[in-house]
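Tertiary structure, described
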Amino acid sequence: MRALITILLLSIGPILVAQETVIDPDLLQIKQRLDSINGFTADMSLEVDVNFISMPKKTGTLIYRKGASAEVITDDFMLVPKKGLDFTLEQLLKYPFITVPRGSQIREGDSLKVINVIPTSDKADFSIAELTLNISKNRIAQSKISTQRDGSYDVFFSYSDARAILPRQIKIQFEVERIRIPLSFIGQDVKVDGKLKRSEAVKKGTITLDISNYREKQ
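Okay, so let's go over this structure.

Reading the values: rules and limits
Residues numbered from 1 in each chain as written. Predicted model: local features only at pLDDT ≥ 70, side-chain atom pairs only at ≥ 80, totals over all residues. Heavy atoms only, no water. Buried < 20%, exposed > 50% of the residue type's maximum accessible area, 1.4 Å probe, protein only. Helix = DSSP H or I, 4+ residues; strand = E, 2+ residues; numbered from the N terminus. Pairing = 2+ DSSP bridges. Salt bridge = Lys/Arg side-chain N within 4 Å of Asp/Glu carboxyl O.

**Some words on the pairing of strand β7 (residues 128-134)**
- Summarising burial for β7: 5 of the 7 residues are buried, a large majority.
- By the bridge criterion, 6 bridges tie strand β6 (residues 110-119) to β7 in an arrangement that is antiparallel. Opposite Leu112, over in β7, you have Asn134 as the bridge partner.
- Hairpin connection of β7 to strand β8 (residues 139-146): 4 residues between the antiparallel strands, including Asn138 at a positive phi of 60°.

Structure representation (structure tokens):
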């Protein structure tokens, strides 16, 4: 009997290992396309829709270098959640992970697939991510990233044409009560209503980034 159990465990073991390391092939194909980008600079404008923040449109330069997080260069204060700038997936997929299929659909003629990305390393700074892959155009359409410290982020990507891999617009919805705003450095043209900020009615905020004039770095 013991020998039979041992044989069963040995036969099941490789299957379990295979399941633990499954990664969606369409995600890998999109990642490979994004990995071909060594770096770029681009012009960016930002608008904030948070009920307790009054902020005029801001402009700056978006800089990305392969192997590093995207950053925004500006002479003024800009409220940009870093999770929303990871549209190359480099930071999200930095550590080992598995994927789980969550269904597919057709939207505006495009074939979309929804998957969960689950990190298998304690070094990852998110607990789970839901990615909507545009299989027809080989790019990311939407992501939802859940973190333990900063809440969750819903990120929506719009593109200039069918061939573009980098977005022309990013909309980031985030949990306002989890945001950390450096009030002492926020700028004279930005106003924060403290009463509204403390209100229980405050739930979600939206940041819209418009990106143009991509200049690729070799």
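Now that the structure is up, let's keep going.
**Focus: the pattern of salt bridges**
- For the structure on display, the rule yields 6 salt bridges.
- For the salt bridge of Asp26 with Lys113, the shortest nitrogen-to-oxygen distance reads 2.5 Å. Remark: Lys113 occurs in strand β6 and Asp26 occurs in helix α2 (residues 25-35); sequence separation between them is 87 residues. When sorted by exposure, Asp26 lands in the same class as Lys113, which is buried.
- The salt bridge partner of Asp110 is Lys137, with a shortest N-O separation of 2.7 Å. Note that Asp110 is positioned in strand β6 and Lys137 in the loop between β7 and β8, a separation of 27 residues in sequence.
- Looking at Asp110, the relative accessible area reads 14%, which means it is buried.
- Through salt bridges that share partners, Asp24, Asp26 and Lys113 make up one connected network.

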